[in-house]
Amino acid sequence: MRLTSMPCTRLANSPLSLLTIMSYPRLTTEQMLRKDQKTISRQGTKVAISAIYMDLEAFLQRSDLIADLHAFCQAHNCDVLVTMTIFFNTHNEPVRQLAIFCPHAALRMMICGVLEHSHSPSLKLTPAPSTHPHLQAYLQGNTQVSRKKLLPLLQEALSAYFDSMKIPSGQPETEAVCRELADKELDRAGNSLVPGLSQDEEEPPLPPTPMNSLVDECPLDQGLPKLSAEVIFEKCSQISQSQSTAASLSKK
């Protein structure tokens, strides 16, 4: 497996390339992808982002790669697999590359479009040749954009994808408008059943939710009202006096 074209003298001066040789001998594709991986998800769609310290061209030339990528996504319930590669060229300069693998064409196109047109930050992507329709590869011109900075862009791509799925393309938003009007009619019908409340009036505000007894400034923080023996005696006297008055009136 070709990692880089760097001579051995260069390898000694490149810790990252030395780490590549030490980390990837005899590793399977799944082991390489799991070695340094993060995931994000939204509404049940999961994206895995794996960092690989080798040339993307060498990675894409692995035997049965597409089958391995399919198996990895199925085993880990991933809809998208983003591979970020980094290595040093013969001038000891960092090189970053990207590969987006996704069998879902619409989702893959949305992610690629967001990454290609991103300006904050700008990845400066240049499409690279790919032999499989489910995989899009790029050379990343801006090597300062790490995986940490890529994650928000992927979240943005997922949000844009689900926003585009809410309303079918070419269909007006009549369903949403009709649903909103129907909700208003139901509210008005419910208000008309309340005595003294016209259809044009707003519903009275609901009473405030009782505060938890452990929350600050809760009326129950100080415990139940303190009742002295004198207060209890006065209450009992008032009750007995009212009962005797009522009894004497009934006798008359």
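Residues numbered from 1 in each chain as written. Predicted model: local features only at pLDDT ≥ 70, side-chain atom pairs only at ≥ 80, totals over all residues. Heavy atoms only, no water.

Undergrad: Break down the state of the cysteines for me, with residues and values.
TA: Following the criterion strictly, the structure yields zero disulfides and no others. Cysteine cysteine 78 remains unbridged, with the sulfur of cysteine 73 as its closest cysteine sulfur at 5.5 Å. Residue classification places cysteine 78 among the buried positions, given a relative accessible area of 8%. The closest cysteine sulfur to the non-disulfide-bonded cysteine 112 is located on cysteine 102, 8.6 Å from its own sulfur. (Disulfide = S-S within 2.5 Å. Buried < 20%, exposed > 50% of the residue type's maximum accessible area, 1.4 Å probe, protein only.)

Undergrad: Summarise helix α6 (residues 105-116); cite the residues concerned and give the values.
TA: Taking 1.5 Å of rise per residue, the twelve residues of α6 would be expected to cover 16 Å, and the 16 Å separating its terminal C-alpha atoms lies within 8% of that figure. Regarding α6, the residues found buried are Leu107, Arg108, Ile111, Cys112, Val114 and Leu115. Axial view of α6: buried residues confined to an arc of 165°, hence all on one face. Summarising the contacts, the buried residues of α6 are in contact with β2 (45-52), β3 (80-88), β4 (94-101), β5 (125-128), β6 (135-140) and α7 (147-166). (Helix = DSSP H or I, 4+ residues; strand = E, 2+ residues; numbered from the N terminus. Expected span 1.5 Å × (residues − 1). Arc of directions from axis to C-beta. Contact = heavy atoms within 4.5 Å.)

Undergrad: Can you explain α7? Please cite residues and give values.
TA: Between its terminal C-alpha atoms α7 stretches 29 Å, which fits the 28 Å expected from 20 residues at 1.5 Å a residue. Buried-residue contacts for α7 involve β1 (37-42), β2, β3, β4 and α6.

Undergrad: Help me get a handle on the environment of arginine 147, residues and values and all.
TA: The topology assignment puts arginine 147 in helix α7. Taking the relative accessible area as the measure of exposure, arginine 147 reaches 13% and is therefore buried. For the pair arginine 147 and threonine 83, spaced 64 residues apart in sequence, the C-alpha separation works out to 9.8 Å. Non-local contacts of arginine 147, meaning those with residues more than four positions away in its chain, are made with Asp36, Gln37, Lys38, Ile49, Ser50, Ala51 and Met84.

Undergrad: Go over the sheet that holds β6, please, and point to the residues and values.
TA: In space, the six strands of this open sheet follow the order β1-β2-β3-β4-β6-β5, with mixed pairing throughout. In the strand order of this sheet, the two ends are held by β1 and β5, each with one partner. Looking at each pair of strands side by side, their axes are set apart by 20° on average, direction ignored. Bridge count between β5 and β6: four bridges; the pairing is antiparallel. The residue bridging leucine 125 from the neighbouring strand is glutamine 140, located in β6. Packing of helix α5 (residues 65-75) onto the sheet brings it into contact with β1, β2, β3, β4 and β6, and relative to β4 it is tilted by some 70°. The strands touched by α6 within the sheet are β2, β3, β4, β5 and β6, with β4 carrying the most contacts at an inclination of about 155°. (Pairing = 2+ DSSP bridges. Axes fitted to C-alpha atoms, helices over the stretch in contact; angles between N-to-C directions.)

Undergrad: An account of unusual backbone geometry is requested, with residue identities and associated values reported.
TA: With an omega of 0°, the peptide bond running from serine 120 to proline 121 counts as cis. By the secondary structure assignment, proline 121 is in the loop between α6 and β5. For aspartate 64, which is not glycine, the phi dihedral falls at a positive 55°. Relative to the helices and strands, aspartate 64 resides in the loop between α4 (56-60) and α5. Judged by its relative accessible area of 59%, aspartate 64 is exposed. The backbone of lysine 124 shows a phi angle near 55°, a positive value even though the residue is not glycine. For lysine 124, the position within the fold is in the loop between α6 and β5.

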